[in-house]
Amino acid sequence: MGEPLAIDLANTVKLAVDPQLDLLGDDTRNAAFWSLERHRLPEPAGVPSLSESLALRSALQSLLSGIASGAAPEAWALERVNEVAQRTRVTTELVPAESSVTTKPRWQASDVADIALSAVALSAIDFLTGPNAGRLRVCAAPHCSMMFVAMNAKRRWCTANGCGNRERVARHSRQQ
Ligand SMILES: [Zn+2]
C-alpha cells in the first residue's frame, strides 16, 4: 500500500506468503481494500463490486508486470484499462479560495463505483506516462509478484523485512 493506486490494486495477491493471500478474495475483503484506499479516491467514489475489481486487477497485473519486465503490453489489458478510465468524466471547475479562486477536479459517472475504478485506471495511465514509469519493478524474490516504484535504483525487494530478509537468510544458508 502507498504505491500509485493502480499498483496497489495489482498487488492485492500475495504469492510469497504461505498460504497465499488474496486481499480481494471475497466481498468483505474487496470492501476492506476500497475502504483502505478511500482517502486517496476522489469524491464521491463508491465501492466497486468484487467482479469489477477483479476484472480491472487482472488487466493492471498484465499491463504493469509486462511493462516492468520489458514485454509489449497486451491489447486486451490496454483496452480494459482505457474502457474503465473512460467511465468517468473529469472536468475542472473554479472554486473560491480566500479572496481569489482555485481549480478543483469534478468527477462524474452514472454509477459512483465507476469513479473509484476510473481513478485507479487513470492512475495507471498517469504513472505509465509519467517520469517514474521506468522505475517500475517486480520484486526479485522467487514466487513474489509484488510490484513497486523503485525510487532508490538499488531497491530489489517489495519489503526489506519480508522478501529482502528471506533472501538474505537463504543466501547465508547457501554459503554455509
Ligand atoms: Zn517480494
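Residues numbered from 1 in each chain as written. Predicted model: local features only at pLDDT ≥ 70, side-chain atom pairs only at ≥ 80, totals over all residues. Heavy atoms only, no water.

Novice: Describe the overall build of the protein chain, with residues and values.
Specialist: In terms of helices and strands, the protein chain carries six helices and six strands. Reading the protein chain from its N end, one meets helices and strands in the order α-β-β-α-α-α-β-β-α-β-β-α. Taken over the C-alpha atoms alone, the protein chain extends approximately 70 × 35 × 30 Å along its principal axes. If you take every contact in the protein chain between residues at least 6 apart in sequence, the share linking residues at least 24 apart comes to 51%. Surface accessibility of the protein chain: about 10,100 Å² in total, with carbon and sulfur atoms responsible for 53%. Placing the 19 positive and 18 negative side-chain charges of the protein chain at their respective mean positions leaves the two points 11 Å apart. (Helix = DSSP H or I, 4+ residues; strand = E, 2+ residues; numbered from the N terminus. Contact = heavy atoms within 4.5 Å. Areas by Shrake-Rupley, 256 points an atom, 1.4 Å probe, with all protein chains shown as cover. Lys, Arg positive; Asp, Glu negative; His and termini not counted. Charge placed at Lys NZ, Arg CZ, Asp CG, Glu CD.)

Novice: An account of the coordination of the zinc ion is needed here, citing residue identities and associated values.
Specialist: Protein-derived coordination of the zinc ion comes from C139 (SG), C144 (SG), C158 (SG) and C163 (SG), at a distance range of 2.3 Å. Because the angles between the four donor atoms bound to the zinc ion fall within 105 to 115°, the donor set is best described as tetrahedral. With relative accessibility at 5%, the residue C139 sits in the buried group. (Donors = N, O, S within 2.8 Å, 3.2 Å for Na, K, Ca; no water. Tetrahedral: all angles 85-135°; square planar, octahedral: opposite > 155°, others 65-115°. Buried < 20%, exposed > 50% of the residue type's maximum accessible area, 1.4 Å probe, protein only.)

Novice: Describe in detail the packing of helix 3 (residues 50–68) against helix 5 (residues 112–128), supporting the description with residues and values.
Specialist: It is the contact of helix 3 with helix 5, at a shortest axis distance of 11 Å, that shows an interaxial angle of 5°. The angle between the axes of helix 3 and helix 5 places the two elements in the roughly parallel class. In contact with E52, S53, L56, L60, L63, L64 and I67 of helix 3, helix 5 contributes L117, V120, A121, A124 and L128. Among the residues making up the contact of helix 3 with helix 5, the classes are represented as 10 nonpolar, one polar and one charged. (Axes fitted to C-alpha atoms, helices over the stretch in contact; angles between N-to-C directions. Parallel < 35°, antiparallel > 145°, perpendicular 65-115°, else oblique. Nonpolar A, V, L, I, M, F, W, Y, C, P; charged D, E, K, R; others polar.)

Novice: Tell me about the side chain of S62, and name the residues and values.
Specialist: If you trace the backbone, S62 turns up in helix 3. Every residue in contact with S62, bar those within four places of it in the chain, is listed here: E74, W76 and A77.

Novice: Give a description of unusual backbone geometry that names residues and reports values.
Specialist: A cis amide bond links E43 to the next residue, P44, at an omega of -5°. By secondary structure assignment, the location of P44 is in the loop between helix 2 (27–36) and helix 3. Positioned with a positive phi, E98 is a non-glycine residue whose angle comes to about 50°. Along the chain, E98 falls in the loop between strand 3 (89–97) and strand 4 (100–108). For E98, a relative accessible area of 86% puts it in the exposed group. Unusually for a residue other than glycine, H143 sits at a positive phi of about 75°. One can find H143 in the loop between strand 5 (136–138) and strand 6 (147–149). Judged by relative accessible area, which is 69%, H143 ranks as exposed.

Novice: Provide a residue-level description of a positive patch on the surface, including the pertinent values.
Specialist: A cluster of basic side chains, namely R156, R168, R171 and R174, defines a positive patch on the protein surface. A relative accessible area of 38% means that R171 is categorised as partly exposed. (Patch = residues over 30% accessible without salt bridge, like charges linked within 9 Å, V, L, I, M, F, W, Y side chains within 5 Å. Salt bridge = Lys/Arg side-chain N within 4 Å of Asp/Glu carboxyl O.)

Novice: Explain helix 6 (residues 160–175) to me, using residue names and the numbers behind them.
Specialist: Among all positions of helix 6, only G162, C163, G164 and E167 are buried. The arc that holds the buried residues of helix 6, viewed along the axis, is 165°, so those residues lie on one side. Residues of helix 6 that are exposed and angled more than 90 degrees away from the buried face: A160, N161, V169 and Q175. (Arc of directions from axis to C-beta.)

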